[in-house]
Each structure stands twice: as C-alpha cells, then as structure tokens.
Amino acid sequence: MSLRTRWLIAIVCAAVAITAVVIVVRSAGPEGAGSGGGTPQEEATAAAEANDEARTVISRDQTPHTTRIAAGEPLLAALRQGITGDVRARIAHGELTGPLQSVSCRAGARRGRRQPFACTVRSAGIPYPFLAVADEAAGTLTWCKEDPPAPGERSEVPISASCRA
C-alpha cells in the first residue's frame, strides 16, 4: 500500500470519526449529554412552573396573622408576644431554623387609626423582617413576615395591605 493510500484512508477515518462526534454532540443538546436539557419550550415551561411555585411559597410565608388586642394591653408587648408565638410555630414546623433569639419592634408614624410597626426576629443568627399594624379601633394586631426580593430585583409578591398602614 502506498503512502498516498494510507494518508487517504487515515483522512477518511478521521472525517467519519469527526462526523460521528458532531452527530452525538448535536443530539445531546446545548447543555451536553445526560443534562436533562430540553427544548426551549420545555425549559420555559419548567422555569414558569418554578416561578409559580416560588410565588406560592412566598405568599404562604407572608400570610397575615391577626390577634385581638386586650383593653389596656401595651401594643409593643402584644405584638412581640404574637410574633414570638408565630415564629415558634414556624420553627416547630421546620419553616424557620431555631432557636428563636429575639423579637424587636419599633413603631412608625401613625396613619389615622392604624399604627404601623417594623419588627426584626433573630433566629439561629438570621434576621427576619416583619411588618405589622395595630388597629386600635378594631382591636386587632396584624403582622406579616416579609420576604424581601434579592438586591436589584422587584418583589412579585407584595405584602398584604392588612400588614401595611
């Protein structure tokens, strides 16, 4: 076999091998073989489902909690007591990591009959913000755990109006 024939056979074999590799890579998709990558439509559907699930979890996490205010009961003490009970229940259900370390609240500027509060719960060294409103005329105290968006992002799940003054 001449040198020229050997070169020709080597080039044909290399071309066949390269073609086979290209076919395998293209059939595996842009993310590589076995990555679970689907069509753009499948990926968009999966992303939309994940976003819907995240909104549901955040909405549930931010659900308003309400308690009655006893006549003459100091608002801050009642609020701290209510949030403490809520957080202990969240820890017991695995929704927050314990132990609960502190609950601190500060009052905002009164708006009509509604007194707003901003609270911070510290549990397992992690601060969690809560918003609250006391409606003395109705005799209720309502609070929501706030799940703020990541820096630079806009929240898709606003806090309930019942927790804002």
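None of these values were measured; they are calculated from a predicted model. (Residues numbered from 1 in each chain as written. Predicted model: local features only at pLDDT ≥ 70, side-chain atom pairs only at ≥ 80, totals over all residues. Heavy atoms only, no water.)

Points about the side chain of Gln 115
And step 1. The residue Gln 115 is located in strand S3 (residues 114–123) in this model.
And step 2. Look past the residues within four positions of Gln 115 in its chain and what remains in contact with it is Ala 107, Gly 108, Arg 110, Ala 132, Val 133 and Ala 134. (Helix = DSSP H or I, 4+ residues; strand = E, 2+ residues; numbered from the N terminus. Contact = heavy atoms within 4.5 Å.)

Observations concerning the nonpolar core
Side chains of a nonpolar character, in soluble globular proteins, are inclined to be buried together.
And step 1. If you look at the biggest cluster of nonpolar residues, it comprises 18 residues, and the most contacted ones within it are Leu 79, Ile 83, Phe 117, Cys 119, Val 121 and Phe 130.
And step 2. Secondary-structure elements contributing two or more residues to this core are helix H3 (75–92), strand S2 (100–107), S3, strand S4 (126–135) and strand S5 (140–145).
And step 3. Among the elements that take part in this core, H3 stands out by supplying five residues, more than any other.
And step 4. If we skip the residues at most four places from it in the chain, Cys 119 touches Leu 79, Ile 83, Ser 104, Cys 105, Tyr 128, Pro 129 and Phe 130. (Core = buried A, V, L, I, M, F, W, Y, C linked by side-chain atoms within 4.5 Å. Buried < 20%, exposed > 50% of the residue type's maximum accessible area, 1.4 Å probe, protein only.)

A few points about the state of the cysteines
And step 1. This structure, assessed with the given rule, holds two disulfides.
And step 2. Paired by a disulfide, Cys 105 and Cys 119 hold their sulfur atoms 2.1 Å apart. The S-S bond linking Cys 105 to Cys 119 shows a torsion near 110°; that makes this disulfide right-handed. Taken together, the positions of Cys 105 in strand S2 and Cys 119 in strand S3 put the pair 14 residues apart, joining distant regions of the chain. Accessibility classification places Cys 105 together with Cys 119 in one group, the buried group.
And step 3. Across a sulfur-sulfur distance of 1.9 Å, Cys 144 and Cys 163 are joined as a disulfide pair. Across the S-S bond linking Cys 144 and Cys 163, the dihedral sits near 70°, which makes this disulfide right-handed. Of this pair, Cys 144 sits in strand S5 while Cys 163 sits in the segment after S5, placing them 19 residues apart in sequence.
And step 4. Relative accessible area serves as the criterion here: at 0%, Cys 144 is assigned to the buried category.
And step 5. On the basis of relative accessible area, Cys 163 is assigned to the buried category, the value being 3%. (Disulfide = S-S within 2.5 Å.)

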